[in-house]
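Here's the letter readout for the chains.
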Amino acid sequence: MKTINTPKISMICLGLLLTLIAGCAAPSDEMEDTKAIQPAPVPTFVLSRDSMPSSLKIPAELIAYKQVDIFAKVSSYVKNLNADVGSNVKAGQLLASLEAPELVAQVAAAESKYRSQQAIFQSSDATYKRIIETSKTPGTISKNDVDIAAAKRNSDLAQLQAAKADFVASSTIRAYLTIRAPFAGVISARNVNLGAYIGSSGKGAELPIFTLQELSHLRLVISVPEAYKNYIKLNDMVRFTVKAYPNEQFSAKIARRSGVMDSQLRSEHIELDVSNTNLKLSPGMVAEATIAFSGGSKSFIVPKTAVVNSAEGVFLVQDLHGKAVKLPVTKGRETDSLTEVFGDRLVSGTIFVKKASEEMHNGNPLN
């Protein structure tokens, strides 16, 4: 009779027990791994009509209401400068004096000719009057002499008028040697110094003598996107801020609008008149304008991520019984997160993908 080895039997039973436990646990781990790699469900939303947000934030720019680059009208040299950068000037104030010796000589010659011709006309006119007076006595003056005196007088008068016109023109050109401010404002640029040569064209005319800007009255220029064209009108109030005063808000009314779309930006140019009597604002400042729109009819408003703009066109992806269906749409107004859409196949209550992409083709399953 053989003796049974009890420890050996115990080890065998323990091994079988561990194998059985491992076999039972394996299916559970595989199920957990399968659940872990399940794709996340595609987020969707229900299409409905709503009102678009009542305001639009858009960048704008401040420019001077009046701005002019002042050039010389005749070739000359700078004699005096009476203004510099930052000078506040009044309308008609003398800004600079120029000198052109040859122009002065031309004016003097024209004046001398005019005075000479004036004396000649006075002589021929007096002679004509005496002949006319004498011819009243019969037989004293022939008719031919009267005609000769009249012709001489008329010729001298014509030459006098020509000399006068030449003198007036020369005097007007001489007035070009004084540069005056066309309106009240501030000198924002000066590009010449004393003695500099300046011309009306070519060399010496590359840069203006002065740049004059009106600061007490500014323009706020905004390019409004095409989608918002029908929501703005004249005298609408617009509020704006600038980086120089982040905690202060300014306001102005729409004063002018171009009425046409820019061929590149596809936007309408509008301008607002901004009072700046305290001179806090400056031309060239970039502003952030907020345009408030009056309430309109409700339309389909969807998340911006739901609209796909691809080579196939603009479309939404509908979730139709778990399958993707592309519906073409037309975009309207937009905000940072929402888009207004239009389409013949859009129906309230249908379900659409919230984050659509070009890879979602018709008939593809949606998890």
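Computed from a prediction, not measured in an experiment: that's the story for all the values here.

Undergrad: So what exactly am I meant to see when it comes to the overall build of the protein here?
TA: Helices and strands together make up the secondary structure of the protein, namely three helices and 23 strands. Counting over 367 residues, the protein shows a buried share of 31%. For the protein, long-range pairs separated by at least 24 residues make up 74% of all intrachain contacts whose partners lie at least 6 apart in sequence. For the protein, the exposed surface amounts to about 22700 Å²; the carbon and sulfur share of it is 55%.

Undergrad: Would you take a moment to explain the pattern of salt bridges for this structure?
TA: Opposite charge on two side chains allows them to pair when their charged atoms are near. Evaluation of the coordinates by the stated rule reveals 15 salt bridges. Measuring nitrogen to oxygen at the nearest pair gives 2.5 Å for the salt bridge that ties D273 to R256. Here D273 is found in strand 15 (residues 267–275), whereas its partner R256 is found in strand 14 (residues 245–261), with 17 residues between them in sequence. Under the relative-accessibility criterion, D273 is labelled partly exposed at 27%.

Undergrad: Is there a simple way to explain the packing of helix 2 (residues 101–134) against helix 3 (residues 143–175) in this structure?
TA: One way to put it is that helix 2 packs onto helix 3 with a least axis distance of 8 Å and a crossing angle of 160 degrees. Overall, the two elements helix 2 and helix 3 adopt an arrangement that is roughly antiparallel. Relative to helix 3, the crossing made by helix 2 is left-handed. Residues belonging to the contact of helix 2 with helix 3 are distributed by class as follows: 18 nonpolar, seven polar and 10 charged.

Undergrad: What is the right way to read the pairing of strand 11 (residues 210–213) from this model?
TA: Within a regular strand, side chains alternate between the sheet's two faces. Here strand 11 shows two buried faces, one formed by F210 and L212 and the other by T211 and Q213. Pairing analysis gives four bridges linking strand 4 (residues 67–70) to strand 11, with the strands arranged antiparallel. Pairing of V68 across the sheet is with L212, part of strand 11. Here strand 9 (residues 185–190) runs beside strand 11; their pairing, made up of four bridges, is antiparallel. In the sheet register, V186 faces strand 11, and the bridge partner there is Q213.

Undergrad: Honestly, helix 2 in this entry has me stumped. Any pointers?
TA: Since the α-helix packs 3.6 residues into each turn, any two residues three or four apart lie on the same face. With 34 residues, helix 2 should cover 50 Å at 1.5 Å per step; its first-to-last C-alpha distance of 50 Å lies within 8% of that length. Looking at helix 2, one finds that the buried residues are L103, V107, A110, Y114, Q117, F121, S124, D125 and I131. Among the structural elements, helix 3 are those in contact with the buried residues of helix 2.

Undergrad: What am I meant to see in the sheet that holds strand 11 here?
TA: Hydrogen bonds between backbone atoms are what pair the strands of a sheet, whose relative direction is either parallel or antiparallel. With respect to topology, four strands assemble into an open sheet ordered 4-11-9-6, the strand pairing being antiparallel. Every other strand in the sheet has two partners, leaving strand 4 and strand 6 (88–89) as the edge strands with one partner each.

Undergrad: Is there a simple way to think about helix 3 in this case?
TA: Given a rise of 1.5 Å per residue, 33 residues ought to cover 48 Å, and the 48 Å separating the end C-alpha atoms of helix 3 matches this to within 8%. Those residues of helix 3 that are buried lie in contact with helix 2.

Undergrad: Explain the packing of aromatic side chains to me, please; I cannot follow it from the model alone.
TA: Geometrically, a pair of aromatic rings is defined through the distance of the ring centres and the angle of the planes. The tally for this structure, following the rule as stated, stands at five aromatic pairs. Note on Y114 and F167: the rings are 5.7 Å apart at their centroids and 5 degrees apart in plane angle, and the pair reads as stacked. Highlighted residues: Y114 in helix 2 and F167 in helix 3, separated in sequence by 53 residues. Each member of the aromatic cluster is reached from another via a ring pair, and the members are F240, Y245 and F250.

Undergrad: Looking at this structure, I do not really get the pairing of strand 15. What am I missing?
TA: Pairing between strand 12 (residues 217–225) and strand 15: nine bridges, direction antiparallel. Paired with V224 across the bridge in strand 15 is E268. As judged from the five bridges shared by strand 14 and strand 15, these two strands associate in the antiparallel manner. Residue R257 lies in a different strand from strand 15, and its bridge partner there is I270. Hairpin connection between strand 14 and strand 15: a loop of five residues separates the two successive antiparallel strands, and R266 in this loop has a positive phi of roughly 55 degrees.

Undergrad: Looking at this structure, how should I read the environment of N193?
TA: With respect to the element layout, N193 can be found in the loop between strand 9 and strand 10 (197–198). Separated by 16 residues in the primary sequence, N193 and I209 place their C-alpha atoms 9.0 Å from one another. Discounting residues that sit within four places of it in the chain, N193 has contacts with V78 and L81. Reaching out from N193, the side chain makes a polar contact with the side chain of R190 at a distance of 2.9 Å.

Undergrad: Just checking my understanding: could you explain the nonpolar core for this structure?
TA: Across soluble globular proteins, you tend to see nonpolar side chains buried next to one another. The biggest cluster of nonpolar side chains holds 25 residues, and the ones touching the most others in it are L62, L220, I222, F240 and L281. Sorting the residues of this core by element identifies strand 3 (55–64), strand 12, strand 13 (237–242), strand 14, strand 15 and strand 16 (286–292) as the ones contributing at least two each. If you look at the next biggest cluster of nonpolar residues, it comprises 21 residues, including A83, I187, V192 and I209.

Definitions and cut-offs
Residues numbered from 1 in each chain as written. Predicted model: local features only at pLDDT ≥ 70, side-chain atom pairs only at ≥ 80, totals over all residues. Heavy atoms only, no water. Helix = DSSP H or I, 4+ residues; strand = E, 2+ residues; numbered from the N terminus. Buried < 20%, exposed > 50% of the residue type's maximum accessible area, 1.4 Å probe, protein only. Contact = heavy atoms within 4.5 Å. Areas by Shrake-Rupley, 256 points an atom, 1.4 Å probe, with all protein chains shown as cover. Salt bridge = Lys/Arg side-chain N within 4 Å of Asp/Glu carboxyl O. Axes fitted to C-alpha atoms, helices over the stretch in contact; angles between N-to-C directions. Parallel < 35°, antiparallel > 145°, perpendicular 65-115°, else oblique. Left-handed = near helix turned anticlockwise from the far one by under 90°. Nonpolar A, V, L, I, M, F, W, Y, C, P; charged D, E, K, R; others polar. Pairing = 2+ DSSP bridges. Expected span 1.5 Å × (residues − 1). Phe/Tyr/Trp six-rings, centres within 6.5 Å; stacked < 30°, edge-to-face > 60°. Polar contact = N/O pair within 3.5 Å; in protein donor to acceptor, adjacent residues only side chain to side chain. Core = buried A, V, L, I, M, F, W, Y, C linked by side-chain atoms within 4.5 Å.

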